[in-house]
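Read off the chains here:
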Amino acid sequence: MNIAVCVKPVPDPEKYNLLEIDPKTKRLVREGIPTIINPADKNALEAALRLKELHGGRVAVISMAPLFSQDKIKECLAMGADEAYLISDRAFGGADTFSTSYTLAKGLEKTGIQFDLILAGNDSADGATSHVPSQLGEWMELPHITNITEIEIHDGIASVKKKISDGLIEYDMELPAVAGIARNSNQPRMVSAMGIVKAKNKKIEVYTQKDLDVDEGLIGLSGSPTQPGQLLTPDMSRNAKLLQGEPAEIAAELLAIIRKAGIAV
Amino acid sequence: MENKKILIYAELKGGSLETSAYELLAKARTLFPAADAAIALAIAGCGIDEALKEAAVSGADLVYGVDSPRLELYHVDYHAEALKKIAETFHPDIFLIPASCTGEELAPTLGLKLRTGVAAHCVDLQVDQNGEFLQMVPAFGGKVIGEIYTPKTKPQIASIKPGMFSVIRQQPRSCKTVLLDDSFLEELKTKIKLRGIEKDEPSGVPVEQADVVVCGGFGIETADNWKQVERLASLLGGAVGSTRPAVDQGWVSGEQQMIGTSGKTVRPKVYIGAGVSGATHHICGMKDSNVIISINTDKDAEIFAVSDYKIVGDGAAVIKALCELLERRQ
Ligand SMILES: Cc1cc2nc3c(=O)[nH]c(=O)nc-3n(C[C@H](O)[C@H](O)[C@H](O)COP(=O)(O)OP(=O)(O)OC[C@H]3O[C@@H](n4cnc5c(N)ncnc54)[C@H](O)[C@@H]3O)c2cc1C
């Protein structure tokens, strides 16, 4: 079984409260916010490593990211991935999900590996579109399903459970296939000291634009059908009135507030 | 300038239209107030006669339907193909899709099938001073809102979380209903086979439809305390909401009531948050509530900054006191 896992380094979502927009440049100030591997991508990697333990084969991670993210990619290798591919070129910058998924598809093709399964975190913490897994499947003309909480492989088929609003829906996908793995769907393993040592000998292959057989009209910002305008920080602040007293007194005040808000109790 | 054409994917629930269809219809009507837009609803399901009738008097100008046994349960290939067919028949400028668990997958899939851009989880839709359609999308858990244009390709696809816009009932218009021949679905080859569905136990009032939401966070501390959250929601005729950690603790089963970027968007008359810290990811889903009341032991909790009333104290204790007061009054 050859499994590819798409991963993305993102600013740590636990620190988004600290993000600001520079009033002059209108750009995002993300100073002091560390970069981590997108949480859902770790769930996807964990799912891949478990499938490898059961069925053998190898796990490759692939990422489209700036070169300085090599550290984070190393972390995936230390978790147990066998090899890594980093697609990195200014020409790919500013890509929306349409061109990102196109570029990832081209990167996967370039590896020359016949992947049976391509996993991705269902959504990234920063953009959170959850578009990439489906769009990757469309570019590669493979079956694709997102928001998957469980995945099993047998007889050339991936049996998956997809989260829907009122439960789970089960499908069988013929391999090769693309699966978006839901965040929190498993407990990603910790990186062990042994893992770090082993990762030293694993390769990270870097692809630039000239390495990939890409149509220039489909990459980067200029190849993206969606174009960003301005960034805004919404003002959500309200002027909270402090309620004080014994719980019983507060309860009486709250009841009055709730009634005033139009609730008949 | 020709009138704009807007297509809305109207999802179904038990044979009738989901509330999201009405939310998107109301919003779509406001976009081009001067030039009357042609708004069509797209319905894809099995046995959709009633839904088509309902749609015809919803205030839409057109209704497109695909009725096929293949569409009985959600299947990405069949549903995407049906919607693609409708889009290729109607040629919309704008295509609005609810970002439900299923719409969230259909929107990007259609984006590629129709070779166009998709703006995800829009918190607002506008038309700018140049008459261009402008989509406002949240990033970084809602801390930042970005403007997105789709300048070169049509339709401009936008997905919108259910609950983002209010329902404003529209006057019925003279409406044409077009039922498309569904034979293309019979011919479609798919590598995905539907095996079955496991439904969760319905848990009272859906959180996005309740007038009162009592939301418990990690600060509720114990499963036993959580019962107070449920008790208050029931006494107020509302729904229980939760944060991610409360789900992880198993105090609520599943994510149906989770509020935030990866959960539901709510705008109740009253939101009561107890033991909720106010992470960006959570605030994004409740900030439009009419009245926000928060209880937290930490006087500097972030949630207080977006609240109308704050109580510095134990969440479970305050909730319990309110329950007792309500019970005494009954
Ligand atoms: C990509 C991503 C998406 C996410 N999506 C969501 C989402 O959709 N919804 C969501 O909720 N979270 C989401 N999260 C998680 C989110 O970032 C926060 O971790 C979460 O909202 C915090 O939940 P909490 O407030 O219950 O817990 P905590 O942050 O642990 O806060 C507990 C609060 O309780 C207070 N407290 C402690 N004891 C008491 C007491 N006795 N009485 C009263 N107060 C007390 C504390 O002061 C603290 O403020 C997401 C995270 C990521 C990375």
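Residues numbered from 1 in each chain as written. Chains lettered and ligands numbered in written order. Predicted model: local features only at pLDDT ≥ 70, side-chain atom pairs only at ≥ 80, totals over all residues. Heavy atoms only, no water.

1. Comments concerning the site of the ligand
Stated formally: Here a residue counts as near a molecule or strand whenever at least one of its heavy atoms sits within 4 Å of it. Each polar contact in these results corresponds to two N or O atoms within 3.5 Å; when the atoms are within protein, one needs to be able to donate a hydrogen and the other to accept it, and residues that are neighboring in sequence are counted only if both atoms are side-chain atoms. For accessible areas, the Shrake-Rupley method is used with a probe of radius 1.4 Å. Any residue's cover is judged against the shown protein chains and nothing else.
Neighbouring the ligand are 29 residues; Phe218(B), Thr243(B), Ser262(B), Ser277(B) and Asp314(B) lie closest to it. At the site occupied by the ligand, nearby residues are drawn from chains A and B. Within the backbone of Gly263(B), one N or O atom sits 3.5 Å away from an oxygen atom of the ligand. One of the backbone nitrogen or oxygen atoms of Gly315(B) is found 2.9 Å away from a nitrogen atom of the ligand. Protein chains shield 84% of the accessible area of the ligand, which is 990 Å² for the free molecule.

2. What about the domain arrangement of chain B?
Residue and element names in this part refer to chain B. To be explicit about the condition: Where each domain begins and ends follows an automated or database-derived domain assignment. Two residues form a contact once any of their heavy atoms are found within 4.5 Å. When two components associate, each loses some accessible surface as probed by a 1.4 Å sphere; the sum of these losses over both components is called the buried area. The term salt bridge refers to a pairing of a side-chain nitrogen on Lys or Arg with a carboxyl oxygen on Asp or Glu at a separation within 4 Å. Polar here means any residue outside two lists: the nonpolar Ala, Val, Leu, Ile, Met, Phe, Trp, Tyr, Cys and Pro, and the charged Asp, Glu, Lys and Arg; Gly therefore counts as polar.
As far as domains go, chain B holds domain 1 (4-186) and domain 2 (207-329). Domain 1 and domain 2 are separated by 32 Å when their C-alpha centres are compared. With eleven residues of domain 1 at the interface, the matching set in domain 2 holds ten residues. The contact between domain 1 and domain 2 buries some 800 Å² in all, and 47% of this surface belongs to carbon and sulfur atoms. Of all residues in domain 1, Gly141, Lys161 and Met164 give up the largest surface area on contact with domain 2, accounting jointly for 53% of the area buried on that side. For the pair domain 1 and domain 2, the interface holds zero salt bridges. At the boundary of domain 1 with domain 2, the tally comes to five residue pairs in polar contact (both at pLDDT 80 or more). Across the side of domain 1 that touches domain 2, the residue classes break down as four nonpolar, five polar and two charged.

3. Quick word on helix α2 (residues 70-79) of chain A
Residue and element names in this part refer to chain A. Selection criterion: Burial status follows relative accessibility: with a 1.4 Å probe on protein chains alone, a residue under 20% of its type maximum counts as buried, one over 50% as exposed, and anything between as partly exposed. A helix here means a DSSP run of H or I that spans at least four residues, while a strand means a run of E at least two residues long, and both kinds are numbered starting from the N terminus.
When α2 is considered as a whole, its buried residues turn out to be Ile73, Cys76, Leu77, Ala78 and Met79. In this structure, the buried side of α2 is in contact with β5 (35-37), α1 (39-55), β6 (58-64), β7 (83-87), α5 (193-199) and β13 (204-207). Note on α2: the residue one or two positions beyond its end, Gly80, has a positive phi of about 140 degrees.

4. Looking at the side chain of Asp93(B)
All names here are of chain B. Relative to the helices and strands, Asp93 is located in the loop between α3 (76-90) and β6 (94-98). Judged by relative accessible area, Asp93 falls into the buried class, the value being 15%. A polar atom in the side chain of Asp93 sits 2.7 Å from the backbone nitrogen of Lys5. Apart from the residues lying within four places of it in its own chain, the contact partners of Asp93 are Asn3, Lys4, Lys5, Lys154, Pro155 and Gln156.

5. So, the pairing of strand β11 (residues 156-160) of chain B
Residues and elements named next belong to chain B. Basically, it comes down to this: Note: two strands are recorded as paired if DSSP finds a minimum of 2 bridges between them.
Most of β11 sits out of view: five of its five residues are buried. The alternating pattern of β11 places Gln156, Ala158 and Ile160 and Ile157 and Ser159 on opposite faces, both of which are buried. Where β6 and β11 come together, five bridges link them in parallel fashion. In the sheet register, Ile94 faces β11, and the bridge partner there is Gln156.

6. A word on α3(B)
Residue and element names in this part refer to chain B. Rules: An expected span of 1.5 Å times one less than the residue number is assigned to each helix.
For α3, built from 15 residues, the straight-helix expectation of 21 Å at 1.5 Å per residue is met to within 8% by its first-to-last C-alpha distance of 21 Å. Counted residue by residue, α3 has twelve buried out of 15 residues, so it is predominantly covered. Turning to α3, its buried residues number three or more, namely Val76, Asp77, Tyr78, His79, Ala80, Glu81, Ala82, Leu83, Lys84, Ile86, Ala87 and Phe90.

7. Things to note about the interface of chain A and chain B
Counting residues at the interface gives 73 residues for chain A, matched by 85 residues for chain B. Summing both partners gives a buried area of about 6900 Å² for chain A against chain B, and 62% of it is carried by carbon and sulfur. If you sort the residues of chain A by the area they bury against chain B, Asn17(A), Met236(A) and Arg238(A) come out on top, with a joint share of 10%. Taken together, the connections running from chain A to chain B amount to seven salt bridges.

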